[in-house]
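Single-letter residue listing:
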Amino acid sequence: MSAVRAERVNATRAQILAAAERLFAERGVYAVSNRQVSQVAGQGNNAAVGYHFGTKADLVRAIVRAHTERVELLRRRLLAEVEGSDDVRDWVGCLVRSFTGHLDDLGPPTWYARFAAQVMTDPALRLIMAEEALNSPTLRRVVDGLRRCLPELPPEVHAERADMAGQLVVHMCAERERALAEGRPTLRPSWHDAATGLIDAVVGIWTAPVTAPVAAPVTTSVTTPVTAAGRNTA
């Protein structure tokens, strides 16, 4: 492939990814056809999505992977500041601020938080996000740090609280993102401040007393870059 053609292909792929992320975020993944994505991306060929990405699941994976790479860089920097810490808040901060910091870096308008919230509602699609999250080297280090801070929590409670925390972070970020896109006021003035509030809440989730055991293994859990702290990544 010539350099000019390769550049054109990369530009087309980027346009399709941007269009798909916005449409999926606003309408839901399965409410949007490949034809609609191609049209919004400015592609005359309605089969462009399939040609460049394959299935809709492949397209979702490509969107997740594009963002995961940038979140990974942010998390690596945050980890350098907390390595060896025995404070739950430090490790939660790495998870939350890498996500909110990425949204902040993208600048308004953003769609990724709403996209992630849509993906989390579908069992097949959220597995894609889980696979990408669990392949993250920095996330493995955060998982290890959290487990060192919380050795008394049974594995089932780890998984349960990871799901609670992930739902909270993703959906609160999605709500803030939606408010910003619609020009509505937000509870916190910046993504940094929003992250601080989320960290307060997530630390509370992780450190709350266990008053009753989880009766059965969790079978409907949701894994994302901010919920995987309860998973076995070995």
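Residues numbered from 1 in each chain as written. Predicted model: local features only at pLDDT ≥ 70, side-chain atom pairs only at ≥ 80, totals over all residues. Heavy atoms only, no water.

**Section: the overall build of the protein chain**
When its secondary structure is counted, the protein chain shows 10 helices and 0 strands. Scanning the protein chain from its N terminus toward the C terminus, one meets helices and strands in the order α-α-α-α-α-α-α-α-α-α. Relative to the compact-globule value of 17 Å for 234 residues, the protein chain shows a C-alpha radius of gyration of 19 Å, a close match. Overall, the C-alpha framework of the protein chain stretches about 60 × 40 × 35 Å when taken along its three principal axes. Within the protein chain, the proportion of its 234 residues that are buried is 49%. Taking contacts inside the protein chain between residues at least 6 apart in sequence as the whole, the part at least 24 apart equals 75%. Summed over all atoms, the accessible surface of the protein chain reaches about 11,400 Å², with 54% contributed by carbon and sulfur. The average position of the 27 basic charges and that of the 26 acidic charges among the side chains of the protein chain differ by 7 Å. (Helix = DSSP H or I, 4+ residues; strand = E, 2+ residues; numbered from the N terminus. Rg over C-alpha atoms; globule rule 2.2 N^0.38 Å. Buried < 20%, exposed > 50% of the residue type's maximum accessible area, 1.4 Å probe, protein only. Contact = heavy atoms within 4.5 Å. Areas by Shrake-Rupley, 256 points an atom, 1.4 Å probe, with all protein chains shown as cover. Lys, Arg positive; Asp, Glu negative; His and termini not counted. Charge placed at Lys NZ, Arg CZ, Asp CG, Glu CD.)

**A look at unusual backbone geometry**
Excluding glycine, residues mostly have negative phi values, and the peptide bonds linking residues are mostly trans. Between P108 and the following residue, P109, the backbone shows a cis peptide bond with an omega angle of -5°. Inspection of the secondary structure assignment puts P109 in the loop between α5 (88–106) and α6 (112–120).

**Some details on helix α10 (residues 191–207)**
Across its 17 residues, α10 extends 24 Å between first and last C-alpha, which sits within 8% of the 24 Å expected from 1.5 Å per residue. Within α10, burial applies to W191, A194, A195, G197, L198, I199, V202, V203, I205 and W206. Looking at the buried positions of α10, the neighbouring elements they touch are α5, α8 (137–149) and α9 (155–182). (Expected span 1.5 Å × (residues − 1).)

**Focus: the pattern of salt bridges**
Under the counting rule described, the total for this entry stands at 10 salt bridges. With its nearest N and O atoms 3.1 Å apart, the salt bridge here joins E132 to R61. A residue pair is termed long-range when its members are at least 10 positions apart, and E132 in helix α7 (residues 123–134) and R61 in helix α4 (residues 56–82) qualify at 71 residues. Of the residues examined, R61 reaches a relative accessible area of 23% and is grouped as partly exposed. Two residues, R141 and E83, come together in a salt bridge whose shortest N-O distance is 2.4 Å. (Salt bridge = Lys/Arg side-chain N within 4 Å of Asp/Glu carboxyl O.)

**Some thoughts on the packing of aromatic side chains**
Enumeration according to the criterion identifies 3 aromatic pairs in this entry. Measuring from ring centre to ring centre gives 6.5 Å for F24 and F115, while their planes differ by 20°; the resulting arrangement is stacked. Placement of the pair is F24 in helix α1 (residues 3–27) and F115 in helix α6, with a sequence separation of 91 residues. Judged by its relative accessible area of 0%, F24 falls in the buried class. Taking NZ or CZ as reference, R176 lies 4.7 Å from the ring centre of W191, over its face. (Phe/Tyr/Trp six-rings, centres within 6.5 Å; stacked < 30°, edge-to-face > 60°. Lys NZ or Arg CZ within 6 Å of the ring centre and 35° of its normal.)

**Notes on the nonpolar core**
If you look at the biggest cluster of nonpolar residues, it comprises 63 residues, and the most contacted ones within it are F24, V37, L59, V60, V92, F115 and W206. Setting aside its immediate chain neighbours within four residues, V60 contacts F24, V29, F115, V119, L125 and I128. (Core = buried A, V, L, I, M, F, W, Y, C linked by side-chain atoms within 4.5 Å.)

**Overview of the confidence of the model for the protein chain**
For the protein chain, per-residue confidence averages 89 on the pLDDT scale, and residues scoring 70 or more make up 91% of the total. The secondary structure element of the protein chain with the lowest average pLDDT is α7, at 88, and the one with the highest is α10, at 98. A low-confidence stretch, residues 218–223 stays under pLDDT 50, and its non-local contacts, those more than four residues away or across chains, total 18 contacts. Taken as a whole, residues 228–234 scores under 50 in pLDDT and shows 30 contacts with residues more than four places along the chain or in a different chain. (pLDDT = per-residue confidence, 0-100.)

**Re the state of the cysteines**
One pass over the structure, following the stated rule, counts 0 disulfides. Considering cysteine sulfurs only, C94 is the nearest to C149, which forms no disulfide, with 11 Å between them. Here C173 stays unpaired: no disulfide links it, and the sulfur of C94, its closest cysteine neighbor, is 16 Å away. Using a relative accessible area of 1% as the deciding quantity, one classes C173 as buried. (Disulfide = S-S within 2.5 Å.)

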